[in-house]
Amino acid sequence: MQHLIGKSWHSIEGDSVVELFESDVNDGLGPLSIKHREEYFGKNALKEKKQDSKLKKFFMQFHNALIYILLGASIVTAALHEWVDSGVIFAVVIINVIVGFIQELKAQEAIESLKQMMITEAVVIRDGKKLNISSVDLVPGDIILLESGSKVPADMRLLECKDLKVDESMLTGESLPVSKNISQYNQDITLNDRKNMAYSGTYVTYGRARGIVVATASFTELGKIAHLIEETSSMDTPLTKKISAFSKILLYVILVLAAITFIMGLLRDYSAVETFMASVALAVGAIPEGLPAAVTITLAIGVHRMAKKNAIIRKLPAVETLGSVTTICSDKTGTLTQNKMSVVNIFCSGKSYEISANGYEPKGDFIYDGEKLTSINGDISEILKVGYLCNESYLVQKEGEYSINGDPTEGSLIVSALKGGVDEYTINKKYPRLDILPFESDRQFMATINKDIQNSQNTIYLKGSIERTLDICKYELADGKVQAIEKEKIILQSELYAGSGLRVLAFAKKLTNQELIDYEMFRDDFIFIGLQAMMDPPRPEAIEAVKESLGAGIKVMMITGDHALTAFSISKMMSIVDKDAKFKDSVLQGKDLFALSDSELIEKVANIKVFARVEPEQKLRIVDALQARGEIVAMTGDGVNDAPALKQADIGIAMGKGGTEVAKEAADMILSDDNFSSIAHAIKEGRNVFDNLIKFITWTLPTNLGEGLVILVAIMLGLTLPILPVQILWINMSTAILLGLMLVFEPQEDNIMSRPPRNPKEPILTKVIVTQMLVVGFYMLIASYFMFNYSISMGHSVEYARTVAVNIFVFVELFYLFSCKELHKSVFKTNIMNNKLLLLGVAMMSLAQITFTHASFMNTMFKSEKLDLITWLQILSISFCILFVVEIKRFIDSKLSHKKYR
């Protein structure tokens, strides 16, 4: 096998390359050859950047400003023989490190799961069969089929080409797609000039080809420079960066306050040790160290939940952006509709026929004027024949069920032909294919050349859009005779079909002496044969998702290459346009879009709901126009030419089943089921992710403020500390894990899709959050000092009073947690039972506080004392009052808001 590595394959004739690899251009490799090559060459995957070991990741958790502060405090207290304090501080460090380590592992798992979902597939010929396999399983010598939109899975020597163009920009820097051929070249030419090669990682933008794999993995051109283009996934997003930056600024501010506290403590004649520990407590208490971790966990949970709902996130910022989407631009076929096509009408020789539909089962009746036809012949047979021959799909029967291998539209034409009595074996033998021109969206038609064996003549068969097909038709077939075409009647019939929500294809033919297709053939001398109209019913779940999106203040637009009347009819069924909407006010066609200036289009998109007969390149203009109006746009796409629009959109959404690799690479999100309802689910989850982050922030900042204020006020005013530094460490450690983090598991709120989209420019710390932070923080300060002093006045010890103050803090945080479950609703109208993990956290926190208060070993460690029943009732009563304080604050906010907008 060594002799197959590193050859200049572009300088060797194609057949010789196949021989050297002991392969076969038609049958590919056999099972034994594949096995031996897998063992020798290994998987077709580049070596990834080596990940840090788990041990290194664990010790990297110590590389954190907060941890350094705590470790310093632990060492100093140990040097001063304060062994209990030192031990508690060190225990807090270890717990923080362990929690951080687990969170990082979870985040890495989320990234790895995304990578697994994004593995590319390749179409390969093995043992005479065409198979779809993972690109990592390819071996040198495999025969690969490429088509428009494919990602080249390995380095290949091309053997057959049809109008092949490849985007090699990521490898060569060449901005334009390169036309390919199968010629033999000199050995010493540069990579850019090797037109007979297709290289791993590049994209087919046009045409199709067959080639043989000559290099995989690190032996490819891409593999040789892999270290230069290595990409590392990250859980960083704009939001996490904002919060991390905010946390760092807050850290510096708090360290300055801690230094001031230390100086003031010394001036107030506190001991150096006591003052130092108070400063450490202030720093630890006021820093929201759980915030970045909560963001990471929330995003990871969001990604996981979306994947379960068929929305695969490729780029994490999409999770945040989804919550702000104001406009969804969706394809029609397969996304809004079921993509289960059935031909229900045929038009030929001036007559319209009905066909009974029964899915893909090739049984049905042909009906004309209410009467069932007893035989199918003449022009009906001709249009059925063209539909069958100008086709690349085929019908599959498995366990009594019929399905289509290929495009559903083409599949419906196969089924209608079989219903009409076409025999597959006979027609394939009688009309062998000589050449094919695949469908491309900018051409809007597909053509084949087939040889009529019986009459020894070649015919071009064509199917495509009505407009494009009629453009090249000069004649029509009517009752077996060729006559001048009457385009008006054909257009009128197509509009009748389209107005009923049917997708319409036109069929034509002409004789030729050639065996290979060239573009000069497609002039104006084709013979029009007829129309086939297909029903593609809307997805019921997509109808509901559209209604839900509209209710959430999100505009839904349909963008399709289909006929305008068909699109308008389907959009009415789906409530995208109102039932009484007028066609001219709701629909803009591609030809009219061309005529609009950018400023005119920006004005027009405010009211247009349906874009029909749109070319992929026009999608980019539509996105730009919407964004110019301040819209946050989600755009779906599946073709090569959709990639620019997907990149430009705030959320680019590619189709997982029918999408090209080019579209998937450009997208932020992939729908594994190609279903519009999955977009709505993802938007819901995006909103929920942001909601839960805001809930955590709203909960944690007031508690941090309250803890910091207690220490700061005591030192500044020369008062006895109501809470010791080790006790603040206990509060932070226990409440962050058992209470705060439980908010990230909050389910979606009932009204999540009845609120308008979030403004992405809105700051994280809104006026409402800041005022609530101050109210709750000062309530903690006042409540803890009141109960501390009250306990002293009742003759209790300082340790008893401090235990009361600690419990005030914990239980205020515990009850305040329920106020943070829903920020837009009264806590007394909130379903407190819908987050089982939060309830578990509350129960565990309560148990932990009972242990803290009544367990002797905890009394020793944290200098706490047992409390009597009356004191417990007082603590719970005062803590519970935070719910009423927050309710009053929200009531005032709502009144001020109402007054502002009245």
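Refer to the structure above for everything that follows.
All values reported here derive from a predicted model rather than from experimental measurement.

Peer 1: Any details on the overall build of the protein chain? Residues and values, ideally.
Peer 2: Each helix and strand in the protein chain was counted, giving 33 helices and 28 strands. Viewed in the frame of its principal axes, the protein chain has a C-alpha envelope of about 115 × 70 × 55 Å. For the protein chain, with 902 residues in total, the buried portion stands at 54%. In the protein chain, the share of contacts with a sequence separation of at least 24, taken over all contacts with a separation of at least 6, comes to 71%. Total accessible area on the protein chain stands at roughly 39900 Å², and carbon and sulfur atoms take up 56% of it. When the 94 basic and 105 acidic side-chain charges of the protein chain are each reduced to a single mean position, those positions are 3 Å apart.

Peer 1: If you had to explain the state of the cysteines to someone new, which residues and values would you point to?
Peer 2: Throughout the structure, instances matching the rule amount to zero disulfides. With no disulfide of its own, Cys820 has Cys881 as its nearest cysteine by sulfur position, at a separation of 17 Å. The exposure class assigned to Cys820 is buried, which follows from its relative accessible area of 0%.

Peer 1: Any chance you could break down helix 30 (residues 836–854) for me, citing the residues and the numbers?
Peer 2: If you check helix 30, its first and last C-alpha atoms are 27 Å apart, about what 19 residues at 1.5 Å a residue would give, namely 27 Å. Among the residues making up helix 30, those that are buried are Leu838, Gly841, Val842, Met845, Ala848, Gln849, Phe852 and Thr853. All buried residues of helix 30 project into a common sector of 130° when viewed along the axis, lining one side. Along helix 30, exposed side chains directed more than 90 degrees from the buried face belong to Lys836 and Leu847. On its buried face, helix 30 is in contact with helix 27 (725–738), helix 29 (798–819), helix 31 (856–862) and helix 32 (869–880). Near the N-terminus of helix 30, the side chain that reaches the backbone nitrogen of Leu837, with its oxygen 3.2 Å away, is that of Asn835.

Peer 1: Go over empty space enclosed by the protein, please, and point to the residues and values.
Peer 2: Per the stated rule, a full pass over the model turns up five cavities of 30 Å³ or more. Quantified by volume, the second largest cavity comes out at close to 40 Å³. Around the second largest cavity sit Met341, Ser342, Val343, Ile355, Gly359, Tyr360, Ser412, Val415, Ser416 and Lys419, which together line it. Every element with two or more residues in the lining of the second largest cavity is listed here: strand 10 (342–348) and helix 14 (408–419). Looking at the lining of the second largest cavity element by element, the count peaks at four residues for helix 14. Classifying every residue of the lining of the second largest cavity gives five nonpolar, four polar and one charged.

Peer 1: Which residues make up the sheet that holds strand 28 (residues 669–671), and what are the values?
Peer 2: Strand order across the open sheet formed by eight strands is 8-28-27-26-9-23-25-24, with mixed pairing between neighbours. Only two strands of the sheet have a single neighbouring strand rather than two, namely strand 8 (311–313) and strand 24 (587–589). The mean inter-strand angle of the sheet, taken between neighbouring strand axes irrespective of direction, is 20°. Where strand 8 lies against strand 28, three bridges are found, and the strand directions are antiparallel. Bridge pairing in strand 28 links Ile312 to Ile670. Contacts from helix 23 (residues 616–628) reach strand 9 (327–330), strand 23 (555–559), strand 25 (610–612) and strand 26 (633–637) within the one sheet, and its direction differs from that of strand 26 by about 170°. Against the sheet, helix 26 (residues 676–717) contacts strand 8, strand 9, strand 23, strand 26, strand 27 (651–655) and strand 28, and its axis sits at roughly 160° relative to strand 9.

Peer 1: How would you sum up the packing of helix 29 against helix 30? Please name residues and give values.
Peer 2: In a packed pair of helices, the relevant descriptors are the angle between the two axes and the axis-to-axis distance. Orientation of helix 29 relative to helix 30, taken along the N-to-C sense of each, is 175°, at an axis distance of 11 Å. Between helix 29 and helix 30, the interaxial angle falls into the category roughly antiparallel. Contacts between helix 29 and helix 30 pair Thr803, Val806, Asn807, Val810, Phe811, Leu814, Leu817 and Phe818 from the former with Leu838, Leu839, Val842, Met845, Ser846, Gln849, Phe852 and Thr853 from the latter. Classifying every residue of the contact of helix 29 with helix 30 gives 11 nonpolar, five polar and no charged.

Peer 1: Which residues make up helix 26, and what are the values?
Peer 2: Relative to the 62 Å expected for 42 residues at 1.5 Å per residue, helix 26 spans 62 Å between its end C-alpha atoms, a close match to the ideal helical length. Burial analysis of helix 26 places 37 of its 42 residues in the buried class, which makes it a mostly covered element. Just beyond helix 26, the residue with positive phi is Gly718, at close to 70°.

Peer 1: Can you tell me about the pairing of strand 26, naming the residues and giving the values?
Peer 2: In regular strands, side chains alternate between the two faces of the sheet. A large share of strand 26 lies buried, amounting to five of its five residues. Burial along strand 26 is two-sided: Val633, Met635 and Gly637 facing one way and Ala634 and Thr636 facing the other are all buried. Note that strand 9 and strand 26 share three bridges and pair parallel. Across the sheet, Ile328 pairs through a bridge with Ala634, a residue of strand 26. Direction of pairing for strand 26 relative to strand 27: parallel, over a ladder of four bridges. Bridge assignment links Met635 to a residue of strand 27, and that residue is Gly652.

Peer 1: So what's going on with the side chain of Ser279? Residues and values would help.
Peer 2: Relative to the helices and strands, Ser279 is located in helix 10 (residues 272–286). Of note is the side chain of Ser279, whose polar atom sits 3.3 Å from the backbone nitrogen of Phe262. What Ser279 contacts, discounting residues up to four positions off in sequence, is Ala258, Thr261 and Phe262.

Peer 1: I'd like a rundown of the packing of helix 27 against helix 29, residues and numbers included.
Peer 2: Closest axis-to-axis distance for the helix 27/helix 29 pair is 11 Å, and the angle between their directions is 20°. When the axes of helix 27 and helix 29 are compared, the pair comes out roughly parallel. Where helix 27 crosses over helix 29, the handedness of that crossing is right-handed. Counted together, Gln727, Trp730, Ile731 and Thr735 of helix 27 and Arg802, Val806, Phe809, Val810 and Glu813 of helix 29 form the full contact between these two elements. Class assignment of the residues belonging to the contact of helix 27 with helix 29 gives a composition of five nonpolar, two polar and two charged.

Definitions and limits used
Residues numbered from 1 in each chain as written. Predicted model: local features only at pLDDT ≥ 70, side-chain atom pairs only at ≥ 80, totals over all residues. Heavy atoms only, no water. Helix = DSSP H or I, 4+ residues; strand = E, 2+ residues; numbered from the N terminus. Buried < 20%, exposed > 50% of the residue type's maximum accessible area, 1.4 Å probe, protein only. Contact = heavy atoms within 4.5 Å. Areas by Shrake-Rupley, 256 points an atom, 1.4 Å probe, with all protein chains shown as cover. Lys, Arg positive; Asp, Glu negative; His and termini not counted. Charge placed at Lys NZ, Arg CZ, Asp CG, Glu CD. Disulfide = S-S within 2.5 Å. Expected span 1.5 Å × (residues − 1). Arc of directions from axis to C-beta. Polar contact = N/O pair within 3.5 Å; in protein donor to acceptor, adjacent residues only side chain to side chain. 1 Å grid on protein atoms, 1.4 Å probe; cavity = no way out; pocket = protein on both sides within 12 Å on 5 of 7 lines; lining within 4 Å. Points joined across faces, edges and corners; volume = space filled by probe spheres on them. Nonpolar A, V, L, I, M, F, W, Y, C, P; charged D, E, K, R; others polar. Pairing = 2+ DSSP bridges. Axes fitted to C-alpha atoms, helices over the stretch in contact; angles between N-to-C directions. Parallel < 35°, antiparallel > 145°, perpendicular 65-115°, else oblique. Left-handed = near helix turned anticlockwise from the far one by under 90°.

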